[in-house]
Amino acid sequence: MTRRLLHFPGQGCRYYVHGRCLLEERRNPGLELAWRCRVLQSWGDAYDRFLDQVEAFSLSDETAMRIWKRRMQHLGHPRQWCDEFVPAFDADNAPELPSGVAADEVASVGCLHILEDLCLKELPACAGVCAYFEPRREHAAAEDGHRHE
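All of these numbers come straight from a predicted model, not from anything done at the bench.

Draft legend 1. How the structure looks around the pattern of salt bridges. Applying the stated rule across the entire model yields six salt bridges. Across the salt bridge formed by E116 and R26, the nearest N and O atoms sit 3.2 Å from each other. Of the two residues, E116 sits in the loop between β3 (114–115) and β4 (118–119) while R26 sits in helix α1 (residues 23–27), which places them 90 residues apart along the sequence. The partly exposed category is assigned to E116, whose relative accessible area is 38%. With a shortest N-O distance of 2.6 Å, R38 and E122 are connected by a salt bridge.

Draft legend 2. Structural detail: the side chain of H113. For H113, the position within the fold is in the loop between α5 (103–109) and β3. If sequence neighbours within four positions are ignored, H113 has contacts with E84, V86, L118, C119, L120 and K121.

Draft legend 3. Quick peek at helix α2 (residues 38–56). Helix length check: α2 (19 residues) gives 27 Å between terminal C-alpha atoms against 27 Å at 1.5 Å per residue, within 8%. Among the residues trailing α2, S58 stands out with phi positive, at a value near 50°.

Draft legend 4. Broad picture of the packing of aromatic side chains. Within the structure shown, the criterion is met by three aromatic pairs. Their ring planes at 35° and their centres at 6.3 Å tell us that Y47 and F50 sit as a pair that is tilted. Of this pair, Y47 and F50 are both found in helix α2, three residues apart, which corresponds to roughly one turn of the helix. Note on F50: relative accessible area 3%, which makes it buried. Aromatic pair Y47 and W68: ring centres 4.9 Å apart, planes at 70°, arrangement edge-to-face. Remark: W68 occurs in helix α3 (residues 61–73) and Y47 occurs in helix α2; sequence separation between them is 21 residues. Judged by its relative accessible area of 12%, W68 falls in the buried class.

Cut-offs and rules
Residues numbered from 1 in each chain as written. Predicted model: local features only at pLDDT ≥ 70, side-chain atom pairs only at ≥ 80, totals over all residues. Heavy atoms only, no water. Salt bridge = Lys/Arg side-chain N within 4 Å of Asp/Glu carboxyl O. Helix = DSSP H or I, 4+ residues; strand = E, 2+ residues; numbered from the N terminus. Buried < 20%, exposed > 50% of the residue type's maximum accessible area, 1.4 Å probe, protein only. Contact = heavy atoms within 4.5 Å. Expected span 1.5 Å × (residues − 1). Phe/Tyr/Trp six-rings, centres within 6.5 Å; stacked < 30°, edge-to-face > 60°.

Function cannot be read off these values alone, since they describe shape.
Right, here's the structure in full:
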């Protein structure tokens, strides 16, 4: 029987993303506000304030959209909101994205450290070995395939 070797620290764990551990975030989504992307938080706060203004002034949808598009241009570069910002894309090459990070998630802010609405730099570092290690689905499927042989 051939077994597939799972590498530590954590690369084969379903909670491991680019050296960080997602276990607590997956257990309690949204509980740790400090793990949220500061850029998305800032943009969200600006949008919430804008919606309050739209309601207060009873603006039409068309007018509101036109104003919001102009405001989006003035929100500033993500680097202004976050010291950890690392451009994911430049004119010369596409990034090598961390395992588990989708290009459309990165494109929303343009930072290499974003995962959904999380900042990977804020998540706890993977300790490498823990009691909650769970193989990624592809690893588990490969192991199941070997068991039946």
